[in-house]
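Below are the chains, spelled out letter by letter.
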Amino acid sequence: MKIHNFSAGPSILPTEVMHQASEAVKELNNSGLSLIEISHRSKAFIEIIEEACDLALKLTNLKGKGYKALFLQGGASQQFIMSAYNLLENKAGFVNTGTWSTKAIKEAKLLGEVIEIASSKETNFNYIPDSYQIPLDLNYLHLTTNNTIFGTQLKEIPNTKVPLIADMSSDIFSRKFDYSKFDLFYAGAQKNMGPAGTTLVIIKEDILGKVSRKIPSILDYSSHVKSGSMFNTPPVFAVYGSLLTMRWIEEQGGVESIGQKNIIKSEYLYNEIDRNPLFTGFAVKKDRSEMNATFNLVNKSHSESFDAICESAGISGLKGHRSVGGYRASIYNALPKESVDILVDCMQNLEQKI
Ligand SMILES: *Cc1c(COP(=O)(O)O)cnc(C)c1O
C-alpha cells in the first residue's frame, strides 16, 4: 500500500532524492567508493558541499549579495545559542510565537538582555502577533517564520532597520520571499530540506566580528565561513541529501513555483477543514501555515473512526503535537498533492459515516 507521509520531521523527501542518496551510499558517481567512506577533503566531496552552498544562495536569491551559506551540525537548536554568541552584545528582541521561539529566548538570555517584544502565548500560540514596536537599540530581532507545532506562519516580514534573524527550519525554500531582509537565517535540514544531521545557516558576512566576547571556535560563524563549512568534519550524508533536494527544487522551477504548489495544497486542505462540520482549525485563519496544518475533531469521540479511516488509506504521521492535540498535517515541499487529496477524502468519508 502507498503510504502518505505527513510527518512533521524528519519528514518526507522527494522519492528521487531518496533513490539517488541510497545509490550514493552504495557508490558515489562510479568512483568505486561510497559517499560515506570518502574523505570530506576529497575533491568529490568538496564539489558537493560547494554546490550545496552555491545552490542555497541561488534558491534564496542571495548570490553576490554579501551572504555566505554554511552547513553546520548541532541542529537548529544549536543556532539558538550560536546566533546569540556571535551577535548579542547588549540586547536582543524576540517575537515569541511558539515552543521553538521560547527555547531560542531561553538560550539567548544566557548571554545578554532579551526582551520579548510580542507573544501569543496567552492563546497557546494560535496566531502571530503583528502590532508591536521594535526598539531601535536591539542588536537584532529574532523571528520564527513557521511554527511547526502550532501551524502558524509569518506572512509579512516586519520593516525595520534592526537586523533580523529567523529560524526557518520548517519553511525554508517553501515560498518566494525577500530573503535579503534577513541578516541571518537558519534551518535544520530534516523538515523541508534533507536528512537530519545538518543545519543550513545563511549569514550576511558584514554582521560578524562586532561582539566583544570571546567566542569558542566551534560556535564562531567566522571559523566556519573561513573554512567553507569544513572547520571540522561535516555531516556528509545530510549535506549530500540536502544538495539533492535543492537540485530537485530547481528542477521544479525553483522556490517560486514550489510556493505556488504549496498554496494549492494548503488551500485545498484548509477549505475542507472549514467546510467539514466535523473538524475545526487550530490556528487563526490569517496566520495559517502552508507547511503544517493543525486541526481538531469538533467531537473527540470520532477520533477512533477517523484514525481507522486514515490508517486504512495509508496515512502516516498525522497525530498532532502533544501541546496542541488533535491532528497536524505536515505538507512540506516533497508531499504530493495526491496525498492531500487522500487526506481530504478521509475527512469526507468520516462525514458520510457519521
Ligand atoms: C524542529 C525545529 C527546531 C529544532 O530543530 P533541531 O534540528 O532538532 O534542533 C527548531 N525550530 C523549528 C521551527 C523547528 O521546526
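Thresholds applied
Residues numbered from 1 in each chain as written. Predicted model: local features only at pLDDT ≥ 70, side-chain atom pairs only at ≥ 80, totals over all residues. Heavy atoms only, no water. Near = heavy atom within 4 Å. Polar contact = N/O pair within 3.5 Å; in protein donor to acceptor, adjacent residues only side chain to side chain. Areas by Shrake-Rupley, 256 points an atom, 1.4 Å probe, with all protein chains shown as cover. Helix = DSSP H or I, 4+ residues; strand = E, 2+ residues; numbered from the N terminus. Core = buried A, V, L, I, M, F, W, Y, C linked by side-chain atoms within 4.5 Å. Buried < 20%, exposed > 50% of the residue type's maximum accessible area, 1.4 Å probe, protein only. Contact = heavy atoms within 4.5 Å. Axes fitted to C-alpha atoms, helices over the stretch in contact; angles between N-to-C directions. Parallel < 35°, antiparallel > 145°, perpendicular 65-115°, else oblique. Left-handed = near helix turned anticlockwise from the far one by under 90°. Nonpolar A, V, L, I, M, F, W, Y, C, P; charged D, E, K, R; others polar. Pairing = 2+ DSSP bridges. Domains from an automatic or database assignment. Buried area = accessible area lost by both parts, 1.4 Å probe. Salt bridge = Lys/Arg side-chain N within 4 Å of Asp/Glu carboxyl O. Phe/Tyr/Trp six-rings, centres within 6.5 Å; stacked < 30°, edge-to-face > 60°.

**Student:** I'd like a description of the site of the ligand, backed by residues and values.
**Tutor:** Taken together, 13 residues are adjacent to the ligand, and Ser77, Thr148, Asp167, Gln190 and Lys191 come closest. Within the side chain of serine 77, an N or O atom sits 2.6 Å from an oxygen atom of the ligand. Separating a nitrogen atom of the ligand from a side-chain N or O atom of aspartate 167 is a distance of 2.6 Å. Within the complex, the protein chains bury 87% of what would otherwise be the 390 Å² of accessible surface of the ligand. The set of elements that each furnish at least two residues to the shell around the ligand consists of α3 (75-87) and α5 (189-192).

**Student:** So what about the nonpolar core? Which residues, and what values?
**Tutor:** Formed by 56 residues in total, the largest nonpolar core has its most connected members in Phe45, Leu141, Phe173, Phe182, Phe185, Leu200 and Ile202. No other element matches the nine residues that helix α2 (residues 43-59) contributes to this core. If we skip the residues at most four places from it in the chain, phenylalanine 182 touches Tyr67, Leu143, Thr145, Ile157, Leu164, Ile165, Ala166, Met168 and Phe177. In this structure, Phe80, Leu88, Leu208 and Val211 belong to the second largest nonpolar core, which totals 29 residues.

**Student:** Please set out the side chain of asparagine 262 residue by residue, giving values where relevant.
**Tutor:** Take asparagine 262: it is sitting in helix α8 (residues 254-275). The class of asparagine 262 is buried, set by a relative accessible area of 1%. Engagement of the side chain of asparagine 262 in a polar contact is seen with the backbone oxygen of serine 174, the distance being 3.0 Å.

**Student:** Tell me about the side chain of threonine 144, residues and numbers included.
**Tutor:** With respect to the secondary-structure elements, threonine 144 resides in strand β5 (residues 140-144). At a separation of 2.9 Å, a polar atom in the side chain of threonine 144 contacts the side chain of serine 101. For threonine 144, the residues in contact, after removing those within four places along its chain, are Thr97, Ser101, Leu154 and Asp167.

**Student:** Which residues make up the packing of α3 against helix α4 (residues 99-108), and what are the values?
**Tutor:** Helix-helix packing is characterised by the crossing angle of the two axes and by the distance between the axes. Running from N to C, α3 and α4 point in directions that differ by 40°, and their axes come no closer than 8 Å. Relative to α4, α3 is oriented oblique. Regarding α3 and α4, the two cross each other, and that crossing is right-handed. Contact residues: Ser77, Phe80, Ile81 and Ala84 in α3; Trp100, Lys103, Ala104, Glu107 and Ala108 in α4. Of the residues assigned to the contact of α3 with α4, the class counts are six nonpolar, one polar and two charged.

**Student:** Report on the sheet that holds strand β11 (residues 279-281), specifying residues and quantitative values.
**Tutor:** Sheet architecture is open: three strands sit in the order β11-β12-β14, paired in antiparallel fashion. Unpaired on one side and paired on the other, β11 and β14 (327-330) mark the two borders of the sheet. Sheet twist, expressed as the mean angle between neighbouring strand axes with direction ignored, is 35°. Relative to strand β12 (residues 292-297), β11 runs antiparallel, the two sharing three bridges. Its bridge partner being in β12, threonine 280 is matched across the sheet by asparagine 296. Taken strand by strand, helix α9 (residues 303-312) contacts β11, β12 and β14, and its axis lies near 25° from that of β14.

**Student:** An account of the domain arrangement of the chain is needed here, citing residue identities and associated values.
**Tutor:** Assigned domains of the chain: these are domain 1 (15-251) and domain 2 (254-353). Summarising the inter-unit geometry, the C-alpha centres of domain 1 and domain 2 are found 27 Å apart. Listed per partner, the contact involves 28 residues of domain 1 and 25 residues of domain 2. Of the roughly 2200 Å² buried where domain 1 meets domain 2, counting both sides, 53% is carbon and sulfur surface. Counting the surface domain 1 buries against domain 2, the share from its top three residues, Asn126, Ile149 and Gly151, is 21%. In this structure, the connection of domain 1 to domain 2 is made through one salt bridge. The closest approach of N and O atoms between aspartate 130 and lysine 286, which form a salt bridge, is 3.7 Å. Here domain 1 and domain 2 share 15 residue pairs in polar contact (both at pLDDT 80 or more) between them.

**Student:** So, the sheet that holds strand β10 (residues 199-204): which residues are in play, and what are the values?
**Tutor:** One key point about sheets: their strands pair by backbone hydrogen bonds, in either a parallel or an antiparallel sense. Taken together, seven strands build an open sheet; the order of strands is β2-β10-β9-β8-β5-β3-β4 and the sheet is mixed. The open sheet terminates on both sides in strands that have one partner only, identified here as β2 (67-72) and β4 (113-119). On average, each strand axis in the sheet is tilted by 20° relative to the strand beside it, whichever way the strands run. In this fold α3 packs onto β2, β5, β8 (164-167), β9 (184-188) and β10, with an angle of close to 160° to the strand it touches most, β9.

**Student:** I'd like a rundown of the environment of serine 330, residues and numbers included.
**Tutor:** Assignment of secondary structure puts serine 330 in strand β14. When the C-alpha positions of serine 330 and asparagine 30 are compared, they lie 36 Å apart, and in sequence the two are 300 residues distant. Look past the residues within four positions of serine 330 in its chain and what remains in contact with it is Asn5, Phe6, Ser7, Ala8, Met291, Asn292 and Leu335. Within the local environment of serine 330, its side chain forms a polar contact with the side chain of asparagine 292, the two groups lying 3.0 Å apart.

**Student:** Pulling in residues and values, what's your account of the packing of aromatic side chains?
**Tutor:** Scanning all chains against the criterion turns up 12 aromatic pairs. With 5.2 Å between their ring centres and 65° between their planes, phenylalanine 177 and tyrosine 179 make a pair best called edge-to-face. Like tyrosine 179, phenylalanine 177 is buried. Between phenylalanine 306 and tyrosine 327, the aromatic rings sit 5.1 Å apart at their centres with planes inclined by 85°, giving edge-to-face as the arrangement.

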